[in-house]
Amino acid sequence: MIIVTDPERKIRLPFSRGILTRSITLAGVDVGIAYIIATEVQKELKERKRKLITTEDIHELTYQKLLDHGLKEAAKRYLLWRQLRRLKVPITILLGGATGVGKSTIATELAFRLGIRSVIGTDTIREVMRKIIAPELLPDLHTSSFLAWKVIGAGRKENSPLIRGFENQVQHVSVGVNAVLERAYKEGFNAIIEGIHLVPGYIELRENSFMYVITVDGRKDLEARFYERARYSKRPVDYYLKHIEAILEIQDFLIERAREHGVPVLNNVELENTINTIMEDIMERLMERIGEKLTSPSP
Ligand SMILES: Nc1ncnc2c1ncn2[C@@H]1O[C@H](COP(=O)(O)OP(=O)(O)O)[C@@H](O)[C@H]1O
Ligand SMILES: O=C(O)[C@@H](COP(=O)(O)O)OP(=O)(O)O
């Protein structure tokens, strides 16, 4: 067995090809190729016949293997992610967007690739708040976001009663969301929060918080996602199809708010592209903010 040590952090762990594969995929390398590279690294380590190796040795070897495979950009990204990790920069990722656009799918995948353990849905926060606050007190909390307008008595003459009802619920759920964020900022843990209630302007963003609004191209695509979701969840397709116009109107509102607040809007067509766009954007922005703390990647 090869033991990996990191004298700086007093770590001693058996070498794991799985963990190395995952850290290579973090640099945007396809999982199949990442596995091949991790296997090559393992083989080379065995050939060296050393029982103890340092994390630094692994980083150098992996960097070299990525270059050997012609993956120059990925090699650079690999080193940068490792350095960011060593600096222990806590990040929070916030994914807003209408129901069914793919937020929780993207959140789960990002959590896996970035090794983030906390993924929180705003509908879970809403559910907890529902148990504490009675419908008589805050009726809008107890409906779907696109139906809140019905229970708050939004007038028909208003420009958009739907949006007023939606914003009412967002305002209330944001109290819970901001509490979770406060805790994450205070403790310095990494977290991904996703949900319809993450509306630009309602959420307090700090340094190293990255917010995105996820969208779908239109009615047909959204319908397909509802059908797809119903294959593994008990959320009934008919209910969401019946309210699709309202859901799309909320999407338009979210796009408008995102533009006003400079939050990137990502049209989630190919899942892989959406994930890579987010990862690259986070890395670029982190580099701009803390670039000076990083040493340039050694070849
Ligand atoms: N880019 C995509 N292309 C096709 N289907 C997708 C894509 N992103 C997500 N989906 C699927 O759409 C459905 C809804 O996604 P989900 O993550 O549950 O949405 P949300 O959390 O926004 O309500 C899921 O079945 C998911 O697998
Ligand atoms: O209120 C709403 O619009 C959705 C949000 O769903 P997601 O965006 O979390 O999928 O919750 P529902 O009423 O379906 O439980």
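Reading guide: rules and limits
Residues numbered from 1 in each chain as written. Chains lettered and ligands numbered in written order. Predicted model: local features only at pLDDT ≥ 70, side-chain atom pairs only at ≥ 80, totals over all residues. Heavy atoms only, no water. UniProt positions renumbered as here; feature names shortened; annotations may be inferred. Core = buried A, V, L, I, M, F, W, Y, C linked by side-chain atoms within 4.5 Å. Buried < 20%, exposed > 50% of the residue type's maximum accessible area, 1.4 Å probe, protein only. Domains from an automatic or database assignment. Contact = heavy atoms within 4.5 Å. Helix = DSSP H or I, 4+ residues; strand = E, 2+ residues; numbered from the N terminus. Pairing = 2+ DSSP bridges. Near = heavy atom within 4 Å. Polar contact = N/O pair within 3.5 Å; in protein donor to acceptor, adjacent residues only side chain to side chain. Areas by Shrake-Rupley, 256 points an atom, 1.4 Å probe, with all protein chains shown as cover. Nonpolar A, V, L, I, M, F, W, Y, C, P; charged D, E, K, R; others polar.

As recorded in an unreviewed UniProt entry, the protein goes by the name 2-phosphoglycerate kinase, listed as coming from Thermococcus piezophilus. Taken directly from UniProt, the Sequence similarities (unreviewed entry) text for the protein runs: "Belongs to the 2-phosphoglycerate kinase family." Regarding the protein, the relevant UniProt record gives this comment under Catalytic activity (unreviewed entry): "(2R)-2-phosphoglycerate + ATP = (2R)-2,3-bisphosphoglycerate + ADP + H(+)".

Draft legend 1. Main features of the nonpolar core. With 63 residues, the main nonpolar core has Ile93, Leu95, Leu110, Tyr212, Ile278 and Ile282 as its most contacted residues. Of the domains in this structure, domain 1 (3–86) and domain 2 (92–292) are the two that each give at least three residues to this core. Each residue touching Leu95, except ones within four places of it in the same chain, is listed here: Lys103, Ile106, Ala107, Leu110, Ile192, Ile193, Glu194, Gly195, Leu198, Tyr212, Ile214 and Ile278.

Draft legend 2. Molecular detail of the pairing of strand 7 (residues 209–215). Counting buried residues in strand 7 gives seven out of seven residues, a clear majority hidden from the surface. Burial along strand 7 is two-sided: the residues Ser209, Met211, Val213 and Thr215 and Phe210, Tyr212 and Ile214 are all buried. Here strand 4 (residues 92–97) runs beside strand 7; their pairing, made up of six bridges, is parallel. Considered in strand 7, the bridge of Gly97 is made with Ile214. Both strand 7 and strand 8 (residues 265–267) contribute to a ladder of three bridges, which runs parallel. In the strand pairing of strand 8, Thr215 is matched with Asn267.

Draft legend 3. Quick peek at the site of ligand 1. Around ligand 1, 16 residues are found, and the nearest of them are Gly100, Lys103, Ser104, Thr105 and Val269. Tyr232 places a polar side-chain atom, nitrogen or oxygen, 3.3 Å from an oxygen atom of ligand 1. The contact in question runs from a nitrogen atom of ligand 1 to an N or O atom on the side chain of Asn268, over 3.0 Å. Notes on ligand 1: free accessible area 560 Å², of which the protein chains cover 83%. For the shell around ligand 1, the secondary structure elements donating two or more residues are helix 5 (103–114) and helix 9 (219–230). Taken together, the residues of the shell around ligand 1 break down into five nonpolar, six polar and five charged.

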